[in-house]
Amino acid sequence: LLGAWGQCPATVPSWATLVEAQPDPTVVTDPILRAAIVATGRAWRVRDTATQIEMLLVPPGVFPMGCIMGSSQYDCDPVEQPVHTVTLTGALYLGRYEVTQAQWQTQTGSNPASFQGFPNSPDRPVEQVSWLVIQGFLDATGFRLPTEAEWEYACRAGTETPFHNGSTDDAMVGDVAWYGACCGEGNCGAQTQPVGGKAANRFGFHDMLGNVHEWVGDWYGPYAANAQSNPVGAADGTTRMMRGGSWLSDTDDVRSSH
């Protein structure tokens with residue numbers, strides 16, 4: 001049997017409930033990205049049955065990782081280079097939104113966030129969570145952190161510009177991110193904001209830039225210049241990686257490659 005638009009039915013993971021089989025062209029606006037998602041044969045939009053966390057499919061792909069170009073105000077940072085080709089050979093599901101205070105509390109029975117007590121606090125992202133503390137949440141849910149490469153590929157969503165909306169203009173960051181409390185500017189009101197309030201990227205993910213930093217699985221280490229396949233970062237180290245910037249950050253941190 002054929003599904004919508006004459007396509008074969010998409011496979012739904014055993015742990016998930018189907019929300020939308022095929023990518024919505026008003027969300028995944030790039031036809032190349034839509035085709036890559038459909039080609040996996042997997043459902044685009046699902047909900048983890050146990051936690052009710054919504055997830056979107058990220059297809060395999062090849063992309064240039066690192067700072068390809070600076071923005072209107074900031075050059076590339078040395079830690080974002082050298083730019084190197086990364087191949088990701090497998091599809092994965094990633095949370096459509098940052099994990100909220102309510103979702104964290106449901107799974108762990110606690111809420112470490114600083115920004116509690118507001119009417120919309122349950123819908124704000126959880127923060128004040130260390131990389132080690134997150135491991136308990138992962139054990140409880142069966143999730144894992146994305147690798148740094150997976151995160152950047154999902155954030156970029158086919159773009160090579162500093163910001164995932166295709167812009168190099170720091171003045172436009174407010175369209176996609178809550179940011180700027182560090183420097184007396186920005187739009188966040190010196191606090192986190194409910195998830196999903198800013199424009200999504202071309203895969204449909206919200207708040208990958210700004211609001212709160214996002215942990216990835218890797219140890220921090222310098223990039224290699226040669227092409228990489230499914231990289232997992234340094235073999236060991238003392239510092240774990242965060243990506244995406246936060247409500248506190250200036251725009252040199254709130255970009256896809258930082």
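Here the structure is a predicted model, which is why all the values come from computation and not from measurement.

Peer 1: Mind showing me how you'd approach the sheet that holds strand β8 (residues 228-229) here?
Peer 2: Whether parallel or antiparallel, the strands of a sheet pair through hydrogen bonds between backbone atoms. Strand order across the open sheet formed by 3 strands is β4-β5-β8, with mixed pairing between neighbours. The sheet terminates laterally at β4 (61-65) and β8, the two strands that pair on one side only. Bridge count for β4 against strand β5 (residues 84-88) is 5 bridges, and the pairing is antiparallel. Note that in β5 the partner of Gly61 across the bridge is Leu88. Lying over the sheet, helix α4 (residues 148-156) contacts β4 and β5, oriented at roughly 95 degrees with respect to β4.

Peer 1: Can you help me understand the confidence of the model for the protein chain in this one?
Peer 2: Fine structural detail should not be taken from predicted coordinates in areas where pLDDT scores are low. Across the protein chain, the average pLDDT comes to 96, with 97% of residues at or above 70. This model gives residues 1-6 a pLDDT under 50, and the stretch forms 7 contacts once residues within four places in sequence are excluded.

Peer 1: What's the story with the packing of aromatic side chains in this structure? I'm lost.
Peer 2: Under the counting rule described, the total for this entry stands at 7 aromatic pairs. On the basis of an interplanar angle of 55 degrees and a centroid distance of 6.5 Å, the ring pair of Phe137 and Phe143 is categorised as tilted. Phe143 carries the same exposure label as Phe137, and that label is buried. For the pair Phe203 and Phe205, a centre-to-centre distance of 6.4 Å together with 70 degrees between the ring planes defines the contact as edge-to-face. Both residues of the pair, Phe203 and Phe205, count as buried. Ring pairs connect the aromatic residues Phe63, Tyr153, Phe203 and Phe205, which therefore count as one cluster.

Peer 1: Looking at this model, I keep getting lost on the sheet that holds strand β6 (residues 92-95). Mind explaining?
Peer 2: Spatially, the 4 strands line up as an open sheet ordered β1-β2-β3-β6, and their pairing is antiparallel. In this open sheet, the two edge strands, each paired with only one partner strand, are β1 (16-20) and β6. For this sheet, the mean inter-axis angle between neighbouring strands, taken without regard to orientation, is 40 degrees. As judged from the 4 bridges shared by strand β3 (residues 54-58) and β6, these two strands associate in the antiparallel manner. For Met55, the partnering residue across the bridge sits in β6 and is Gly95.

Peer 1: I would appreciate a short explanation of empty space enclosed by the protein in the present structure.
Peer 2: One way to see where empty space is left: roll a probe the size of a water molecule over the atoms. On inspection of all chains with the given rule, the structure shows 1 cavity of 30 Å³ or more. Counted as a void, the largest cavity has a volume near 30 Å³. Gly66, Cys67, Ile68, Met69, Arg156, Glu160, Thr161, Pro162, Arg255 and Ser257 are the residues that line the largest cavity.

What counts, and at which threshold
Residues numbered from 1 in each chain as written. Predicted model: local features only at pLDDT ≥ 70, side-chain atom pairs only at ≥ 80, totals over all residues. Heavy atoms only, no water. Pairing = 2+ DSSP bridges. Helix = DSSP H or I, 4+ residues; strand = E, 2+ residues; numbered from the N terminus. Contact = heavy atoms within 4.5 Å. Axes fitted to C-alpha atoms, helices over the stretch in contact; angles between N-to-C directions. pLDDT = per-residue confidence, 0-100. Phe/Tyr/Trp six-rings, centres within 6.5 Å; stacked < 30°, edge-to-face > 60°. Buried < 20%, exposed > 50% of the residue type's maximum accessible area, 1.4 Å probe, protein only. 1 Å grid on protein atoms, 1.4 Å probe; cavity = no way out; pocket = protein on both sides within 12 Å on 5 of 7 lines; lining within 4 Å. Points joined across faces, edges and corners; volume = space filled by probe spheres on them.

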